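Coordinate analysis (summary)
Below, each chain spelled out in residue letters.
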Amino acid sequence: MANKLYITDTILRDAHQSQAATRMRLEDMLPACEMLDKIGYWSLECWGGATFDSCMRFLGEDPWARLRALRKAMPNTRLQMLLRGQNLLGYKHYADDVVEAFVKKSIENGIDVIRIFDALNDPRNMEAAMKYTKKYGGTCEAAISYTVSPVHNEDYFVNLACTLKEMGADTICIKDMANLLLPYDAYSLVKRLKEKVDIPIHLHTHNTTGTGDMTNLMACSAGVDIVDCALSPLANGTSQPSTEAMVATLRGTERDTGLDLVKLTEVAAYFRTVANKLKADGILDPKVLNVDSNTLLYQVPGGMLSNLISQLKQAKAEDKYYDVLEEVPRVRADFGYPPLVTPTSQIVGSQSVMNVLMGRYKTFTKESKGLLRGEYGKLPGEVNAEVRKMAIGDDEVITCRPADLIKPELEAYRQELKGITDSEEDILSYALFPQVAKKFFEERNKASAPAADNNGVRELKVEFLG
Ligand code: CO
């Protein structure tokens with residue numbers, strides 16, 4: 001069975017992030033944990049990505065407490081999280097001391113595998129997170145953000161994988177966030193990676209464009225070690241292909257997953273009730289299951305298309321949709337072909353909308369300027385020098401690792417929260433989402449502060465509110 005295909009199930013993270021705005025609650029997860037823990041997955045993705053923000057912003061949950069509860073409920077399964085390199089779970093670069101503390105606490109609270117990626121595939125933005133994952137005993141899964149462009153060919157990805165391996169990666173993930181990796185390309189890429197890199201290869205795709213199952217299967221034929229799937233109630237469409245379908249497909253073949261379809265069906269039955277609840281609440285819109293053929297045609301991720309539509313609606317210029325779709329590849333080329341993933345998808349998208357509505361490069365967003373100035377890291381291709389000059393004039397372009405320009409930050413956050421909380425986890429929540437965390441701490445204090453026992457929390461809360 002050495003050759004079996006391993007499965008990571010994303011039901012507790014990407015599945016509901018992709019289909020249901022990351023709104024699954026801990027109370028919806030816990031009843032399934034004992035069953036999930038007995039399946040025999042390679043790992044369960046259950047934390048990171050947007051779950052951290054969503055916990056505090058929408059669900060009134062402490063993300064760290066969620067992680068500890070999941071760890072306790074699933075002692076036998078590797079727990080996995082998604083981390084945006086130097087951006088951690090936020091949207092900007094943090095100082096290295098914040099990265100170290102965050103990675104350390106994630107592992108201490110229960111994470112085994114950290115999947116680390118960078119929107120631009122700049123290894124320097126992954127360096128610190130990878131180093132600290134290793135230092136604190138985690139499994140370091142370094143991810144390639146897959147995209148399609150004239151500079152993103154197979155050689156590029158294979159070289160990147162070799163670099164990440166040299167940097168200490170334990171496994172390599174092909175992260176195909178927009179389901180742009182077509183089945184035969186997956187076969188060919190995995191084949192080459194298996195020849196060049198002697199560590200496990202893990203494939204993450206979605207089913208947005210309807211090719212997800214085929215992509216997983218072709219990657220499996222090429223020797224991929226692990227694939228991401230989601231239990232069927234929250235599988236397919238913008239989420240991952242279904243676990244049960246993959247397990248059934250491989251049954252009796254040399255890549256048999258060894259997972260028990262009966263057990264999977266039992267857990268799936270439970271998650272169907274959760275999915276139905278999310279549907280009843282209007283959070284899960286069945287539209288997410290439609291095959292997105294525009295993405296196949298324009299190679300623009302599905303999430304980005306819906307953002308463009310809503311931006312155009314706001315500007316009452318919905319008739320310009322196809323003009324914007326044509327503008328996107330042009331802006332992307334001028335900006336040096338960044339993969340279109342958070343935050344670059346928003347940056348390229350907004351700039352394209354502005355170009356169409358106000359004239360090409362008449363104005364630049366702050367983020368476009370930052371990207372062209374090198375604040376996000378090295379762009380994969382050549383930047384159009386003329387466009388860059390229009391955006392930032394003669395400003396110096398950053399060529400060092402962007403985080404080298406950030407001084408240690410943790411102590412300042414600690415001081416800001418003095419008297420409110422001295423929990424290192426809270427300080428990290430605050431570092432990532434200051435406003436959201438502040439509000440969350442207030443609500444939490446209200447809910448838990450015993451009326452008679454004034455341990456200082458209440459007085460200090462006043463100061464905090466001020
Ligand atoms: Co994903």
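Keep in mind it's a predicted model, so treat the numbers as computed, not measured.

Each value, and the rule that gives it
Residues numbered from 1 in each chain as written. Predicted model: local features only at pLDDT ≥ 70, side-chain atom pairs only at ≥ 80, totals over all residues. Heavy atoms only, no water. Helix = DSSP H or I, 4+ residues; strand = E, 2+ residues; numbered from the N terminus. Rg over C-alpha atoms; globule rule 2.2 N^0.38 Å. Lys, Arg positive; Asp, Glu negative; His and termini not counted. Charge placed at Lys NZ, Arg CZ, Asp CG, Glu CD. pLDDT = per-residue confidence, 0-100. Contact = heavy atoms within 4.5 Å. Salt bridge = Lys/Arg side-chain N within 4 Å of Asp/Glu carboxyl O. Buried < 20%, exposed > 50% of the residue type's maximum accessible area, 1.4 Å probe, protein only. Phe/Tyr/Trp six-rings, centres within 6.5 Å; stacked < 30°, edge-to-face > 60°. Core = buried A, V, L, I, M, F, W, Y, C linked by side-chain atoms within 4.5 Å. Pairing = 2+ DSSP bridges. Axes fitted to C-alpha atoms, helices over the stretch in contact; angles between N-to-C directions. Donors = N, O, S within 2.8 Å, 3.2 Å for Na, K, Ca; no water. Right-handed = clockwise from strand over helix to strand, strands pointing away.

Quick notes on the overall build of the protein
The helix and strand tally for the protein stands at 21 helices and 8 strands. Relative to the globule expectation of 23 Å for 466 residues, the C-alpha radius of gyration of the protein, 22 Å, shows essentially globular dimensions. Structurally, the protein occupies a C-alpha span of about 65 × 60 × 45 Å along its principal axes. Charge separation in the protein, taken as the distance between the mean sites of 56 positive and 64 negative side-chain charges, equals 2 Å.

A few points about the confidence of the model for the protein
Of all residues in the protein, 96% attain a pLDDT of 70 or more, and the chain-wide mean is 93. Contacts from residues 451–466, a stretch scored under 50 in pLDDT, to residues over four places away or in other chains number 15 contacts.

Side note on the pattern of salt bridges
Tallied over the entire structure, the rule returns 32 salt bridges. Salt-bridge contacts for K277 lead to D28; the nearest nitrogen and oxygen are separated by 2.7 Å. Of the two residues, K277 sits in helix 11 (residues 261–280) while D28 sits in helix 2 (residues 26–37), which places them 249 residues apart along the sequence. A residue is classified by how much of its surface remains accessible, and K277, at 41% relative accessible area, is partly exposed. The shortest N-O distance in the salt bridge between E108 and K104 comes to 3.4 Å. Here the residue E108 and the residue K104 both occupy positions in helix 5 (residues 96–108), the gap between them amounting to 4 residues, near one helical turn.

A look at the packing of aromatic side chains
With the rule as written, the count across this model stands at 16 aromatic pairs. The interplanar angle of 80° and the centroid separation of 5.6 Å between the aromatic rings of W47 and F52 together place this pair among those described as edge-to-face. Classification of F52 as buried rests on a relative accessible area of 0%. Relative to Y430, the ring of Y413 has its centre 6.0 Å away and its plane inclined at 85°; by these criteria the two rings are edge-to-face. Residue Y413 is found in helix 18 (residues 410–416), and its partner Y430 is found in helix 19 (residues 424–432); the two are separated by 17 residues along the sequence. Y413 sits in the buried class, given a relative accessible area of 12%. These aromatic residues form a ring-pair network of at least three members: W47, F52, W64, Y91, F102 and F433.

Quick word on the nonpolar core
Of all hydrophobic cores here, the largest spans 104 residues; its most connected members are L12, L36, L83, F102 and F271. In terms of residues, this core owes the most to one element, helix 11, which gives 8 residues. With residues near it in sequence (within four places) discarded, F102 still touches W47, F52, W64, M81, L83, L88, L89, L428 and L432. V300, L325, A391 and I392 belong to the second-largest nonpolar core, a separate cluster that totals 28 residues.

Brief notes about the sheet that holds strand 1 (residues 6–9)
Reading around the barrel, the 8 strands line up as 1-2-3-4-5-6-7-8 and close back on themselves, with parallel pairing between neighbours. Across the sheet, the mean angle from the axis of one strand to that of its neighbour is 30°, orientation sign disregarded. Taken together, the 4 bridges between strand 6 (residues 171–175) and strand 7 (residues 201–204) define a ladder with parallel strand orientation. Each residue of the ladder has a partner; that of K175, found in strand 7, is H204. Relative to the sheet, helix 7 (residues 154–166) contacts strand 5 (139–145) and strand 6, its axis offset from that of strand 5 by approximately 160°.

Details of the coordination of the cobalt ion
The coordination sphere of the cobalt ion, as far as protein atoms go, consists of D14 (OD), H204 (NE2) and H206 (NE2), spread over 2.1 to 2.2 Å. Sequence spacing among the residues donating to the cobalt ion works out to D-x189-H-x1-H. Here D14, found in helix 1 (residues 14–19), pairs with H206, found in the loop between strand 7 and helix 9 (212–221); they are 192 residues apart in sequence, far enough to count as distant. As far as the burial class goes, D14 and H206 line up, both buried.

Let's talk about the pairing of strand 7
A two-sided burial pattern is seen for strand 7, the buried positions comprising I201 and L203 on one face and H202 and H204 on the other. Handedness of the strand 6-helix 8 (residues 183–196)-strand 7 crossover: right-handed. When strand 7 meets strand 8 (residues 226–229), the two strands line up parallel, connected through 2 bridges. For H202, the partnering residue across the bridge sits in strand 8 and is I226. For the segment spanning strand 7, helix 9 and strand 8, crossover handedness is right-handed.

Things to note about unusual backbone geometry
The step from T342 to P343 runs through a cis peptide bond, and the omega angle for that step is 0°. Within the fold, P343 resides in the loop between helix 14 (321–334) and helix 15 (344–358). Residues other than glycine seldom take positive phi values, yet Q299 does so here, at roughly 55°. Its place among the elements puts Q299 in the loop between helix 12 (293–298) and helix 13 (302–314). In this structure Q299 comes out as partly exposed when scored by relative accessible area, which is 36%.

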